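# Commentary on secondary and tertiary structure
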Amino acid sequence: MLTGMMMNRPLLISGLIDFASEVYGTIPMVSQTVEGGIHRYTFADSRKRIAKLANALIAMGVKPGDRVATLAWNGYRHFELYYAISGIGAVCHTINPRLSAEQFIYVVNHAEDTALFFDITFAPIVEKFKAHWKPVKTYVAMTDAAHMPDMAGALCYETLIAPASDQIVWPDFPEDTAAALCYTSGTTGDPKGALYSHRSTVLHSLYSVATINMAFGSDRSILPVVPLFHVNAWGLPYSAAITGTTLIFPGAKLDGASLFELMESEHASGSWGVPTVWLGLLAEMKKRGRKPVGLKHVLIGGSAAPKPMIETFEKDYGITVLQGWGMTEMSPLGTVGHLLPEEENLDFAERVELKAKQGRRVYGVDLKIVDEAGTRLPHDDVASGELFVRGNAIVSGYYKNEGASVRALDKEGWFATGDVARIAANGMLTIVDRTKDLVKSGGEWISSIDVENAAMAHTGLANCAVIGIPHPKWTERPVLVAVKAPGAEPSKDEILKLLDSKLAKWQLPDDVIFVEALPIGPTGKVSKRDLRAKFADYKLPEAG
Ligand code: ADP
């Protein structure tokens with residue numbers, strides 16, 4: 001083998017913001033602040049404040065490798081922390097503010113965070129858990145002196161960075177240095193830490209901009225509803241910097257009306273988030289009879305995008321829907337559902353059918369499906385099996401968790417996603433379900449996603465979820481838990497009749513239960529685990 005003669009510069013996150021501040025220096029970034037009002041500045045302004053923050057962190061005693069935690073909404077100070085912490089070789093540990101008490105205590109102690117930066121809205125959480133967070137030496141409220149919460153010993157972000165220099169020459173270090181830490185929401189057992197490196201982060205943003213190219217550019221703007229506190233807002237802080245895309249941070253206001261207003265006033269050309277968020281925005285759009293002016297695309301990921309949601313966005317409002325599939329352990333992008341030219345020419349119903357699938361892998365992610373013995377299954381869109389992934393932005397294990405790390409990978413070193421999927425010869429991925437959400441009925445699997453998709457075609461439903469209920473003969477049977485649309489009075493029979501026309505008999509739910517609302521988990525998705533717990537004592541109509 002002959003070695004190539006090319007430079008080998010480390011792929012570092014600091015290089016992204018340096019690039020953006022020079023090449024896209026005048027491009028704005030907008031934040032709805034938690035103090036109230038809109039904050040605006042440019043990538044060049046941001047770089048200066050990032051340098052000040054980095055110098056302040058060093059002065060505070062933060063060393064390379066230290067974990068520094070954030071507990072914050074999407075906003076410019078959180079963006080600054082991303083770059084300043086990683087830039088000096090420390091690790092930005094984003095904490096999900098929707099964790100349970102036990103998980104809050106676990107993640108900070110497990111990560112051994114030495115400093116914690118928080119939005120003032122989260123001051124009550126900090127007060128509540130401070131005594132349990134032994135490793136944390138410094139608390140910093142992400143605000144100015146005028147808005148400081150009444151908390152003994154807490155520092156003020158603006159006061160902290162004010163005297164620091166706005167110049168910095170970033171240190172060089174190996175590209176596999178840890179940059180950021182995000183814990184899974186821990187649906188089973190303790191949360192597990194995905195420890196992203198500089199290299200994986202830079203590569204992931206390159207993969208992302210190469211695949212979702214229509215979303216990015218210095219004439220575009222994206223409103224990330226996906227939080228900076230979970231999986232790095234799907235990589236947007238980094239991919240926006242590479243492409244000079246304006247980010248519009250919504251702060252704490254994530255309801256449909258607030259999102260609509262911010263999208264409209266700031267001319268968002270795109271927005272990314274989980275399906276539950278879009279239900280709120282679509283309700284607001286229906287009320288107003290129009291979309292926010294300028295909104296061209298939404299990226300829906302995190303759970304399956306229901307077909308009727310795709311239809312409404314595209315047909316009623318002319319907004320392009322892209323579906324993305326991925327997970328915390330994949331940085332997170334795995335597949336994106338844009339169509340090839342020949343597919344764009346299909347009729348509307350066929351296009352929606354394709355867009356309801358999870359899309360094709362992004363460059364840099366390999367996919368395989370296997371049967372229970374671990375044998376590879378064909379990519380023929382018929383065989384379904386457990387989905388495994390491999391690539392440079394996928395975890396090789398979990399932070400300080402050997403047991404989980406060993407279980408995560410198969411013998412060939414592929415990561416087990418816990419999803420069951422089909423893959424077509426042309427690469428199109430269909431997620432059948434999460435292994436733990438499949439309803440196991442009489443030796444067959446029922447995809448909860450398929451049943452939900454079919455039920456959501458009923459206009460009288462605002463949202464729904466299917467769970468398996470233990471059954472003496474069939475092991476489990478599906479039950480549809482549904483939320484009525486405002487003003488609608490759908491009946492159980494009506495819904496079952498609709499499903500009867502779309503599904504096989506054995507896939508039909510044994511019951512339809514109406515509830516006021518579905519439980520939402522820490523990442524904003526419907527939590528089937530909580531739903532199963534809620535209906536633990538429920539008896540099926542015919543099971544006796
Ligand atoms: P957690 O929900 O534990 O925080 P993630 O946010 O990483 O974990 O979620 C990853 C999982 O979400 C995937 O394994 C998959 O089951 C589900 N998921 C993500 N995107 C989609 C999608 N577009 N369609 C169906 N399922 C999805």
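Residues numbered from 1 in each chain as written. Predicted model: local features only at pLDDT ≥ 70, side-chain atom pairs only at ≥ 80, totals over all residues. Heavy atoms only, no water.

### Brief notes about the pairing of strand E25 (residues 511-514)
Bridge count for strand E24 (residues 475-484) against E25 is four bridges, and the pairing is parallel. Each residue of the ladder has a partner; that of Val479, found in E25, is Asp511. For the crossover that starts at E24, traverses helix H16 (residues 492-500) and ends in the parallel E25, the hand is right-handed. (Pairing = 2+ DSSP bridges. Helix = DSSP H or I, 4+ residues; strand = E, 2+ residues; numbered from the N terminus. Right-handed = clockwise from strand over helix to strand, strands pointing away.)

### What about the domain arrangement of the protein chain?
Along its sequence, the protein chain is organised into domain 1 (11-197), domain 2 (363-434) and domain 3 (439-534). A C-alpha centroid distance of 40 Å is found between domain 1 and domain 3. Counting the surface lost from both domain 1 and domain 3, the interface buries some 420 Å², and carbon and sulfur atoms represent 49% of this. Linking domain 1 to domain 3 there are zero salt bridges. Viewed at the interface, domain 3 and domain 1 are joined by two residue pairs in polar contact (both at pLDDT 80 or more). (Domains from an automatic or database assignment. Buried area = accessible area lost by both parts, 1.4 Å probe. Salt bridge = Lys/Arg side-chain N within 4 Å of Asp/Glu carboxyl O. Polar contact = N/O pair within 3.5 Å; in protein donor to acceptor, adjacent residues only side chain to side chain.)

### A few points about the sheet that holds strand E1 (residues 28-32)
Spatial ordering of the open sheet is given by E2-E1-E11-E10-E12-E13-E14-E15-E16, a layout of nine strands whose pairing is mixed. Edge positions in the sheet fall to strand E2 (38-42) and strand E16 (360-361), since each has one partner strand and no second. Across the sheet, helix H2 (residues 43-60) is in contact with E1 and E2; its angle to E2 comes to roughly 95°. Packing of helix H11 (residues 307-317) onto the sheet brings it into contact with strand E13 (297-301) and strand E14 (320-326), and relative to E14 it is tilted by some 145°. (Contact = heavy atoms within 4.5 Å. Axes fitted to C-alpha atoms, helices over the stretch in contact; angles between N-to-C directions.)

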